[in-house]
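Results of the structural survey
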Amino acid sequence: MGKDIIIFGKNSILAQNFFKNEKNKFNRFVFITRESNNSEDICCDIGGLINKDQINNICKKIEDNSYEKEKVFILFAWCGGPRNYLEDSEKWIININIIKNFLLISKNILPDRIIFISSSGAIYPQDQSKKFNELDIPIPSTAYGKQKLISENIIKSFAEENDLQYTILRVSSAYGYDPRFSDQGVINKWIYAAINNKKLKLFNSKKSIINFISFSQISEAISLSISKNIYGIYNIGCSESISLEELIEEIQLVCNRILEFEILNNEMRYCNLSIEKFEKNTGKLFKNEYKTNIKSIFHSIKKF
């Protein structure tokens, strides 16, 4: 495709997997990152305070490192996760700086599109079994979800005010192998725990229903959102959700052992998504491949 992809947050797991899986589909990738050994990367802490001269310098470097006139900005950078222990006020200061600096750079360069990687599980109610679609009213129950939703609204308003195309991808529970981390998502945590003969921590009832999607499927969804020119807000998930009980059974089968648990919370949780809008506009329906992927993650961890 005749587009340059400008990635904010190179070290994000999803950013790394997107580049690895989709790099041959685009002309050029330019990375904005806090630190890097690659001289072509643009080093900048967009979670901090950046003055006008620094913004202008970043914009110049983006233009100098670009091949194509058409640019897509993708914001992966984010501080914290659903169960991060950093104080919420500290996380929000960093995240509001990320959003502010991302939009200042966007206003200066005016890319053809901006994409924000949001979260479905954190934004929709988790005490209802219905499949939530993009028109349903979000009711986040955590500070993480509230911050994601506020950021969505800020980006949407900015794009409309500046006549920019925008895409917001509300991604369900992500999983996949990354040797840098052992705590990215419940599937990864549990497989690592099982391999190391540790108890699995349960934050919800085993009957809880969750929509999981792999890193590679998320990468494909981002690529399709660009190639198919879809704009607005989209849920990104698999065709069917599964129970944590089903997940546990599969991990036990792959690891060939009975797992022990530390039950921290036994409340029921739901994460059911309607993904019809994305399928209708891209022609792509992601199947749930958790059984195959659990085996692959298990063998990758054992080899590492």
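Our structure is the block above this text.
Because the structure is a prediction, the values reported are computed rather than measured.

So, about the overall build of the protein. Helices and strands together make up the secondary structure of the protein, namely 9 helices and 13 strands. With the C-alpha coordinates of the protein rotated into their principal frame, the extents come out at 55 × 40 × 40 Å. Sequence separation of 24 or more characterises 79% of the internal contacts of the protein that already satisfy a separation of 6 or more. Of the roughly 14900 Å² of accessible surface on the protein, a fraction of 46% belongs to carbon and sulfur atoms.

Turning our eyes to something else, we now look at helix H6 (residues 215–227). An ideal rise of 1.5 Å per residue puts 18 Å on 13 residues; H6 measures up with 19 Å between its terminal C-alpha atoms. Counting buried positions over the 13 residues of H6 gives 10, a clear majority of the element. Of all the residues in H6, the buried ones are Phe215, Gln217, Ile218, Ser219, Ala221, Ile222, Ser223, Leu224, Ser225 and Ile226. Trailing H6 by a residue or two, Asn229 shows a phi angle of about 55 degrees, which is positive.

All right, on to the state of the cysteines then. In this structure the tally under the stated criterion is 0 disulfides. Not part of a disulfide, Cys79 finds its nearest cysteine sulfur in Cys44, a span of 15 Å. Taking the relative accessible area as the measure of exposure, Cys79 reaches 15% and is therefore buried. Take Cys238: it sits in no disulfide, and the sulfur closest to it among the cysteines is that of Cys271, at 11 Å.

Using the criterion set out here, one finds 15 aromatic pairs in the structure. Measuring from centroid to centroid gives 5.3 Å for Phe8 and Phe73, while their planes differ by 55 degrees, and the two rings are tilted. Here Phe8, found in strand E1 (residues 4–8), pairs with Phe73, found in strand E4 (residues 71–75); they are 65 residues apart in sequence, far enough to count as distant. An identical accessibility class is assigned to Phe8 and Phe73; each is buried.

Here Asn38 lies in the loop between strand E2 (28–33) and strand E3 (42–43). Overall, the relative accessible area of 36% leaves Asn38 in the partly exposed class. Between the alpha carbons of Asn38 and Leu169 there is a distance of 29 Å; along the sequence they are 131 residues apart.

A few words now on the side chain of Arg170. Examined against the element boundaries, Arg170 turns out to sit in strand E6 (residues 165–171). By relative accessible area, which is 2% here, Arg170 ends up buried. Separated by 2.8 Å, the side chains of Arg170 and Tyr124 make a polar contact.

This part covers the sheet that holds strand E11 (residues 232–236). Taken in spatial order, the 7 strands make up an open sheet running E3-E2-E1-E4-E5-E6-E11, and their pairing is parallel. Every interior strand has two partners, whereas the edge strands, E3 and E11, have only one. For E1 and E2, the ladder comprises 5 bridges, and the chain directions are parallel. Counted as the bridge partner of Ile6 is Val30 from E2. Sitting on the sheet, helix H3 (residues 88–109) is in contact with E1, E4 and strand E5 (113–119), with an inclination near 175 degrees to E4.

Moving on, we come to unusual backbone geometry. The phi dihedral of Asn197 falls on the positive side, at around 55 degrees, and the residue is not glycine. Relative to the assigned elements, Asn197 resides in the loop between helix H5 (186–195) and strand E8 (200–202).

For the rest of this paragraph, the subject is the pattern of salt bridges. Here the structure, examined in full by the defined rule, presents 11 salt bridges. Here Arg170 ties to Glu152 by a salt bridge, and the two come within 2.7 Å at their closest N and O atoms. Here the residue Arg170 occupies a position in strand E6, and Glu152 occupies one in helix H4 (residues 143–161), the gap between them amounting to 18 residues. Neither Arg170 nor Glu152 differs from the other in exposure class; each is buried. Between Glu160 and Lys156 there is a salt bridge; the shortest N-O distance is 3.1 Å.

Analysis parameters
Residues numbered from 1 in each chain as written. Predicted model: local features only at pLDDT ≥ 70, side-chain atom pairs only at ≥ 80, totals over all residues. Heavy atoms only, no water. Helix = DSSP H or I, 4+ residues; strand = E, 2+ residues; numbered from the N terminus. Contact = heavy atoms within 4.5 Å. Areas by Shrake-Rupley, 256 points an atom, 1.4 Å probe, with all protein chains shown as cover. Expected span 1.5 Å × (residues − 1). Buried < 20%, exposed > 50% of the residue type's maximum accessible area, 1.4 Å probe, protein only. Disulfide = S-S within 2.5 Å. Phe/Tyr/Trp six-rings, centres within 6.5 Å; stacked < 30°, edge-to-face > 60°. Polar contact = N/O pair within 3.5 Å; in protein donor to acceptor, adjacent residues only side chain to side chain. Pairing = 2+ DSSP bridges. Axes fitted to C-alpha atoms, helices over the stretch in contact; angles between N-to-C directions. Salt bridge = Lys/Arg side-chain N within 4 Å of Asp/Glu carboxyl O.

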